[in-house]
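Take a look at the letters that make up each chain.
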Amino acid sequence: YQLKADPCGHCLIFNNVNFSRDSDLSTRAGSKVDCDKLEKRFKSLRFHVRTVQDLKAQEIDAELRKLARLDHSALDCCLVVILSHGCQTSHIQFPGGIYGTDGKTIPIEKIVNYFNGSNCPSLRGKPKLFFIQACGGEQKDRGFEVDCESPEDEACRGSVESDATPFQAPPGNSDEPDAVASLPTPGDILVSYSTFPGFVSWRDKLSGSWYVEMLDSVLEQYAHSEDLLTMLVRVASAVSAKGTYKQIPGCFNFLRKKFFFMCK
């Protein structure tokens with residue numbers, strides 16, 4: 001992908017920390033650390049960064065629609081970061097859902113599809129990147145033993161918590177017919193998940209989430225020389241080496257070309 005515009009695109013960060021009492025969702029201590037890191041990182045990678053905090057599901061939906069309706073013609077890409085509690089959902093395309101502060105869910109596939117080739121014409125053929133720090137479910141992975149020496153695991157400290165919430169099936173979704181276009185409707189999309197579908201995603205109250213910590217570190221070290229997919233493999237490797245409980249990030253990749261960030 002050719003990134004020539006400066007800024008190269010919009011970056012919208014959702015940081016949900018405080019949830020309503022009747023949602024039964026805990027305060028996400030440490031998320032401000034994640035948010036601050038990613039604001040600084042994506043500004044350095046020449047994005048126009050905007051952060052919104054503690055939004056209800058309907059407010060998140062409205063912000064996403066507003067971003068998708070903008071004219072991105074003069075820009076080269078678009079990036080969305082979501083830091084929130086999450087859950088497992090039934091899905092057709094992209095798994096998982098995230099919670100608004102009111103305890104209501106938005107499916108990831110709904111979020112992503114606002115920006116696909118049919119719904120956001122000014123981003124057609126341009127990379128659309130999504131980074132999701134949220135649980136994919138409630139399962140806790142204890143891992144398995146390996147013969148070779150593995151990196152020294154950190155003790156699972158009392159300050160580590162998960163972004164897990166119970167499974168709730170969203171209202172039924174139906175397939176949309178394929179658009180007649182020169183490029184596939186879901187093309188040029190990458191969704192990076194902090195954890196495998198169905199599993200929890202760990203966050204330290206002091207240092208932030210494992211996923212964002214490693215993502216920021218890898219971007220700092222390698223964004224000037226490596227493509228995004230290569231870096232995400234590094235993130236997965238680093239996160240999978242942490243903790244008593246295990247976690248591994250992954251992605252749904254529908255990019256057609258290699259993606260390199262612009263570095264100042």
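In short, a report on the structure. (Residues numbered from 1 in each chain as written. Predicted model: local features only at pLDDT ≥ 70, side-chain atom pairs only at ≥ 80, totals over all residues. Heavy atoms only, no water.)

1. Quick look at the overall build of the protein chain
Which entries qualify depends on this criterion: In this text, helices come from DSSP runs of H or I with a minimum length of four residues, and strands from runs of E with a minimum of two, each type numbered from the N-terminal end. For every residue, the accessible area obtained with a 1.4 Å probe (protein chains only) is divided by the maximum for its type, and the residue is called buried under 20%, exposed over 50%, and partly exposed between those limits. By definition, residues are in contact when any of their heavy atoms lie within 4.5 Å. In these tables, accessible area is a Shrake-Rupley quantity obtained with a 1.4 Å probe, and a residue counts as shielded only by the protein chains included in the view.
Secondary structure assignment for the protein chain yields five helices and 12 strands. A total of 264 residues make up the protein chain; the buried ones form 53% of that total. Look at the contacts in the protein chain between residues 6 or more apart in sequence, and 82% of them connect residues 24 or more apart. Accessible surface computed for the protein chain: about 12800 Å², of which carbon and sulfur atoms make up 50%.

2. Comments concerning the pairing of strand S2 (residues 47-53)
What counts here: Between any two strands, pairing holds if DSSP finds at least two bridges. Here the term right-handed applies to a crossover when the path leading from its first strand over the helix to its second strand runs clockwise, the strands being oriented away from the viewer.
In terms of strand pairing, strand S1 (residues 9-15) meets S2 through seven bridges, oriented parallel. Pairing of Asn15 across the sheet is with Gln53, part of S2. Handedness of the S1-helix H1 (residues 31-44)-S2 crossover: right-handed.

3. Looking at the packing of aromatic side chains
Cut-off, in case you're wondering: Only centres within 6.5 Å qualify two rings of Phe, Tyr or Trp (six-membered ring in Trp) as a pair; their planes then separate them into stacked at under 30 degrees, edge-to-face at over 60, and tilted for everything else. A ring is scored as having a charge over it whenever the NZ atom of a lysine or the CZ atom of an arginine sits within 6 Å of its centre and within 35 degrees of its normal.
The tally for this structure, following the rule as stated, stands at nine aromatic pairs. For the ring pair Phe94 and Phe252, a centre distance of 5.9 Å and an interplane angle of 50° mean the geometry is tilted. Here Phe94 is found in the loop between strand S4 (86-87) and strand S5 (97-99), whereas its partner Phe252 is found in strand S12 (residues 250-254), with 158 residues between them in sequence. When its relative accessible area of 3% is taken as the criterion, Phe94 is described as buried. Taken together, a centroid distance of 5.8 Å and an interplanar angle of 65° make the contact between Tyr193 and Phe252 edge-to-face. Of this pair, Tyr193 sits in strand S9 (residues 189-193) while Phe252 is found in strand S12, placing the two residues 59 residues apart along the sequence. Take Tyr193: its relative accessible area is 9%, and that puts it in the buried class. Geometry around Tyr222 places Arg234 over its ring, the cationic atom sitting 3.8 Å from the centre.

4. Some remarks on the nonpolar core
Soluble globular proteins tend to bury their nonpolar side chains together. Applicable threshold: Nonpolar core, defined: a set of buried Ala, Val, Leu, Ile, Met, Phe, Trp, Tyr and Cys residues in which side-chain atoms within 4.5 Å join the residues together.
Formed by 39 residues in total, the largest nonpolar core has its most connected members in Phe42, Phe47, Phe131 and Phe261. With seven residues, the top contributor of residues to this core is helix H4 (residues 210-222). Contacts of Phe42, omitting those with residues within four sequence positions, involve Cys11, Phe47, Val49, Leu79, Val81, Phe131, Leu219 and Phe261.

5. Brief notes about the environment of Phe115
Structurally, the position occupied by Phe115 is in the loop between helix H3 (108-113) and strand S7 (128-133). We classify Phe115 as buried; its relative accessible area is 1%. For the pair Phe115 and Arg69, spaced 46 residues apart in the sequence, the C-alpha separation amounts to 8.9 Å.

6. Thoughts on the state of the cysteines
Disulfides are covalent bonds that connect the sulfur atoms of two cysteines. Cut-off, in case you're wondering: By definition, disulfides here are pairs of cysteine sulfur atoms that lie within 2.5 Å.
One pass over the full model with this rule turns up zero disulfides. Not engaged in a disulfide, the cysteine Cys78 finds its nearest cysteine sulfur in Cys120; these two sulfurs lie 7.0 Å apart.

7. Topic: the sheet that holds S4
Strand order in the open sheet made by the three strands is S4-S5-S6, with antiparallel pairing throughout. Across the chains shown, the open sheet's two edge strands, defined by having one partner strand only, are S4 and strand S6 (105-107). Direction of pairing for S4 relative to S5: antiparallel, over a ladder of two bridges. Note that in S5 the partner of Gly86 across the bridge is Ile98.

8. A look at unusual backbone geometry
Most of the time, phi is negative for any residue but glycine, and the peptide bond is trans. In this structure, the amide linkage connecting Asp6 to the following residue, Pro7, adopts the cis form with an omega of 5°. In this fold, Pro7 is placed in the segment before S1. Notably, Asp54 is not glycine yet its phi reads approximately 55°, a positive angle. Looking at the secondary structure, you find Asp54 in the loop between S2 and helix H2 (57-69).

9. Observations concerning the sheet that holds S1
We apply this condition: For every element, the axis is a line fit to its C-alpha atoms; helices are fit only across the contacting stretch, and the angle between N-to-C directions ranges from 0 to 180 degrees.
With mixed pairing, the six strands of this open sheet are ordered in space as S2-S1-S3-S7-S9-S12. Lying at the two open borders of the sheet, with one neighbouring strand each, are S2 and S12. Going from strand to strand, the sheet's axes swing by 10° on average, the running direction of each strand aside. Relative to S7, H4 is tilted by about 135°, and along the sheet it contacts strand S3 (77-83), S7 and S9. Strands S7, S9 and S12 of the sheet are contacted by helix H5 (residues 228-240), whose axis makes an angle of about 10° with S9.

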